[in-house]
Amino acid sequence: MASGHMGSADADDEVQVAAEDSSDELGHGASKLPWYHSLPYFVAGDIDAFTGVFSNNLATMLAGAQMLTAVLPRDIIFDKIIPGVGISMLFGCLWYTFQALLKAAKTGRTDLCCIPFGINTPGLFAFNSGIIFAVYFAEGRTPEASVLAWKVGVASNFVQGLVEILLAPLGPQISKAVPMVALLGSLSSVGLAWLFANTLQAEAAWPMVTLAPFFFLLAAMYSGVKVPKVPSTLGPVLLGAALAWALGKAKKEDVDQAMDSIGWHPPVPHFEIFDHLSVVIGYLGIAIPVSLTVAIGTIQVRQMAENAGDNYDLRWTMLGDGLSTVIASLFGSPWGMTVFIGHGAFKAMGAKVGYSLACGLAFAAVCFSGLAALFLAIFPAEVLNPIILFVGLAVCGEALEVTPPRHWPAWIIAIVPGFFNWTLEAAAGFAAAICEAGAVANGSVVVGAACAVDPHSAKAWTLSPKLQAMKSLGEGYLLTSIFWASMVIYIIDRKFLLVAVWASIAALFASCGLVHSDTVFLPWHGPDDHGLHWEFVGGYLLTAGLFVLVDRCQRAGWLPGGVEAKGEEGSDTEEASAE
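Bear in mind that the values here come from a model prediction, so they are computed numbers and not experimental data. (Residues numbered from 1 in each chain as written. Predicted model: local features only at pLDDT ≥ 70, side-chain atom pairs only at ≥ 80, totals over all residues. Heavy atoms only, no water.)

Caption draft 1: Just the overall build of the chain, in detail. Secondary structure summary: the chain contains 22 helices and 2 strands in total. Taking all 579 residues of the chain together, the buried fraction comes to 58%. Excluding contacts between residues fewer than 6 apart, the proportion of contacts in the chain whose partners are at least 24 apart in sequence is 81%. Carbon and sulfur atoms make up 67% of the accessible area of the chain, which totals about 22,400 Å². (Helix = DSSP H or I, 4+ residues; strand = E, 2+ residues; numbered from the N terminus. Buried < 20%, exposed > 50% of the residue type's maximum accessible area, 1.4 Å probe, protein only. Contact = heavy atoms within 4.5 Å. Areas by Shrake-Rupley, 256 points an atom, 1.4 Å probe, with all protein chains shown as cover.)

Caption draft 2: Region of interest: the packing of aromatic side chains. With the rule as written, the count across this model stands at 17 aromatic pairs. A centroid spacing of 5.6 Å and a plane angle of 75° characterise the contact between Phe-54 and Phe-363, whose relative ring orientation is edge-to-face. Of the two residues, Phe-54 is situated in helix H2 (residues 45–68) and Phe-363 in helix H15 (residues 354–369); the sequence distance between them amounts to 309 residues. Residue Phe-363 is classed as buried on the basis of its relative accessible area of 1%. When the ring of Trp-264 is compared with that of Phe-368, the centres are 6.2 Å apart and the planes differ by 85°; the resulting orientation is edge-to-face. Of this pair, Trp-264 sits in the loop between helix H10 (252–259) and helix H11 (277–280) while Phe-368 sits in helix H15, and the two are 104 residues apart along the sequence. You can call Phe-368 buried: its relative accessible area is 11%. Here the aromatic residues Phe-50, Phe-54, Phe-363, Phe-375 and Phe-379 are joined through ring pairs into a cluster of three or more. (Phe/Tyr/Trp six-rings, centres within 6.5 Å; stacked < 30°, edge-to-face > 60°.)

Caption draft 3: Expanded view of the nonpolar core. Within the largest apolar cluster, 155 residues are counted, with the highest numbers of intra-cluster contacts made by Met-61, Leu-68, Leu-72, Trp-335 and Phe-363. Looking at which element gives the most residues to this core, the answer is helix H3 (residues 74–107), with 14 residues. In this structure Leu-72 touches Ile-77, Ile-81, Ile-132, Ser-146 and Trp-150, once residues within four positions along its chain are discounted. (Core = buried A, V, L, I, M, F, W, Y, C linked by side-chain atoms within 4.5 Å.)

Caption draft 4: Region of the structure containing the packing of H3 against helix H13 (residues 314–330). For the pair H3 and H13, the least separation of the axes is 8 Å and the interaxial angle reads 160°. Here H3 lies roughly antiparallel to H13, going by the angle between them. Seen from above, H3 lies across H13 with right-handed handedness. Contact residues: Gly-84, Ile-87, Ser-88, Phe-91, Gly-92, Trp-95, Tyr-96 and Gln-99 in H3; Trp-316, Thr-317, Leu-319, Gly-320, Asp-321, Leu-323, Ser-324, Ile-327 and Ala-328 in H13. (Axes fitted to C-alpha atoms, helices over the stretch in contact; angles between N-to-C directions. Parallel < 35°, antiparallel > 145°, perpendicular 65-115°, else oblique. Left-handed = near helix turned anticlockwise from the far one by under 90°.)

Caption draft 5: Up close: the pattern of salt bridges. Taken as a whole, this structure holds 9 salt bridges when the rule is applied. Across the salt bridge formed by Asp-310 and Arg-109, the nearest N and O atoms sit 3.0 Å from each other. On the criterion of sequence distance, the pair formed by Asp-310 in the loop between helix H12 (284–307) and H13 and Arg-109 in the loop between H3 and strand S1 (117–119) is long-range, its members being 201 residues apart. No difference in accessibility class separates Asp-310 from Arg-109, as the two residues are buried. Between Asp-551 and Arg-552 there is a salt bridge; the shortest N-O distance is 3.3 Å. One network of salt bridges, in which partners are shared, links Arg-109, Asp-111, Asp-310 and Lys-347. (Salt bridge = Lys/Arg side-chain N within 4 Å of Asp/Glu carboxyl O.)

Caption draft 6: Representation of unusual backbone geometry in the model. Phi angles above zero are rare outside glycine, and Arg-494 is one such case at about 60°. Relative to the assigned elements, Arg-494 resides in the loop between helix H20 (477–492) and helix H21 (496–511). Judged by relative accessible area, Arg-494 falls into the partly exposed class, the value being 29%. Residues other than glycine seldom take positive phi values, yet His-516 does so here, at roughly 65°. When you line up the elements, His-516 lands in the loop between H21 and helix H22 (533–555). Among the residues examined, His-516 registers a relative accessible area of 1% and is labelled buried.

Caption draft 7: Spotlight on the side chain of Glu-306. Its place among the elements puts Glu-306 in helix H12. Separated by 2.7 Å, the side chains of Glu-306 and Arg-302 make a polar contact. (Polar contact = N/O pair within 3.5 Å; in protein donor to acceptor, adjacent residues only side chain to side chain.)

Caption draft 8: View of the environment of Thr-51. By secondary structure assignment, the location of Thr-51 is in helix H2. Look at Thr-51 and you get buried, because its relative accessible area is 11%. Taking the C-alpha atoms as reference points, Thr-51 and Val-237, separated by 186 residues in sequence, lie 9.4 Å from one another. Residues within four places of Thr-51 in sequence aside, it is in contact with Asn-56, Pro-231, Thr-233, Leu-234 and Ile-387. Here Ile-47 takes part through its backbone oxygen, which lies 2.9 Å from a polar atom of the side chain of Thr-51.

The structure is reproduced here in structure tokens:
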């Protein structure tokens, strides 16, 4: 993993010092060049990094668009949503490019790689299925229902962005309080469940097209096997496209239809979304947890950047994510934006800032010109997906590199809730596919209907205790990963009072529906018709009480003292007393 020294002692501690504001990121002094020339705008490593980030985000966007074609008309998708993604992508890439340039100007460093930026992949699927699909089915699956579903999804995305902005000032405090292994473990759950397993499922539908490019990409990234003068990530994409066309998976008719979308599609503000904010209240159970997990994810990605030697200001980074998401929503996109995982891999390629600038400009060109539909026809999402698979693996590998072996059980536990969340979406999609006659509104049973309940409704998961448990474990999964991993870390380190603290925090979040529930509520107004959140609250409180007792026994000298952290970041460095 590449790393470099900091130009000043202040820079080493910039994220840890809570009093430091984002204006420090704007400082000058160490570099004699103007801030806008503090880093080269293009180096060879930017080519590989651009190919990886651009194709990764393009694949995510096209997969999300393809998913929405089942419930939204093409004009909403390609005239409203896609241009909204383009303008927010351009803004975010410029934001993080400037962040790197200003950091380089302040410290004199020339080895910085700007943080990659893109679409929040898990949030995209959560908003598509949990909000847009849910509103569409609930409103009767009419053309009017499609428009309302889009507006509610976009308004919910606006709320998500506001929450992220409000959390930005608290970023350093959150980062300091949460063990690093817990942060990286929960991010690994995204990498392994959503980026790898979910993508692999799609790839397995076209094995003759996808397997060879995937393993070719692994050979390129891990063994240096690649076509001369061709970027490591581009070769597998071109191979996949050639196979897709040769085997008839990509079709000329799709290209002909996509050509009709070519034209000027500028981003246009859509303030009509605010007409339906009252409807959004019913979907805060998705919008708020997703925004919280995005904020946590931003902390995780920034931590991984620091592990690679680039410790950017956390508040500045979280603010960039929130503003990008708000911009996306104002211009019609229901998908949140966030810093992208895989910083270490892109820095190892030798990338600096050119790849981010190129990605923002290229995305804007694709989204504003109607080329997104043409890209989807020429390069089906399955052809681009091997890069997503690699990033999912790289995230987990980077997390394991910095996780002490004794904390590996905590890392393993942290990745499990992500699989429950992925399974929820897979199971709902499977059930909806079986219900050929369609689901009925509001989960009601109708004689003669193909489904007893709406597969996307909360009621569907009450049909058996195991289904209910699976849904409970999948809701708010990133937060659950952090809570459970933190508890295991402090159990291993024999810091039992901290185990009780984290169990109490988990109980508080469960009592409001932020974890183990699909609805956010006040504790005294919680739903009583479905869900296991109250049992989880009780379970966490019992766990907290148990470890308070264990802590008392430890302090009485009946149990060994705590394990000294030896300076590991995110852990308490004081040895617990056994007296």
